[in-house]
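Working through the structure, step by step
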Amino acid sequence: MLDAAAASSRQIFDLLSEAVMPVAQKAVIASSSPRAFIVKQVALFAAAVLFVFVLSLTYGLDLSPGFF
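Residues numbered from 1 in each chain as written. Predicted model: local features only at pLDDT ≥ 70, side-chain atom pairs only at ≥ 80, totals over all residues. Heavy atoms only, no water.

1. Considering the overall build of the protein
Let me state the cut-off plainly: Strands here are runs of E lasting at least two residues and helices are runs of H or I lasting at least four, both read from the DSSP assignment and numbered beginning at the N terminus. Per-residue and other accessible areas were derived by the Shrake-Rupley procedure at a 1.4 Å probe size, with only the shown protein chains allowed to occlude residues.
Of regular secondary structure, the protein possesses three helices and zero strands. In the protein, the succession of helices and strands from N to C terminus is α-α-α. When the accessible surface of the protein is summed, it comes to about 6,300 Å², and 74% of that surface belongs to carbon and sulfur atoms.

2. Details of the confidence of the model for the protein
Put simply, the test is: pLDDT measures the predictor's confidence residue by residue and takes values from 0 up to 100.
When the pLDDT values of the protein are averaged, the result is 76; 63% of them are 70 or greater. Confidence scores differ between elements of the protein, with helix α2 (residues 21-28) showing the lowest mean pLDDT of 65 and helix α3 (residues 34-57) the highest of 92.

This is the structure:
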């Protein structure tokens, strides 16, 4: 019984490693130059900071359905 569960989990792991990992590698290692990678990371960080800033501006607003 234990061997069947281990074999089943091994099949799932193999499926994930064959299907998901190539896509993830393309997403992570898509830029060819270090400069493009740094620019991408800085842009993502700036977007995260902007998102948190906008969230902080909306703190305390009543957005419940009864408000409208």
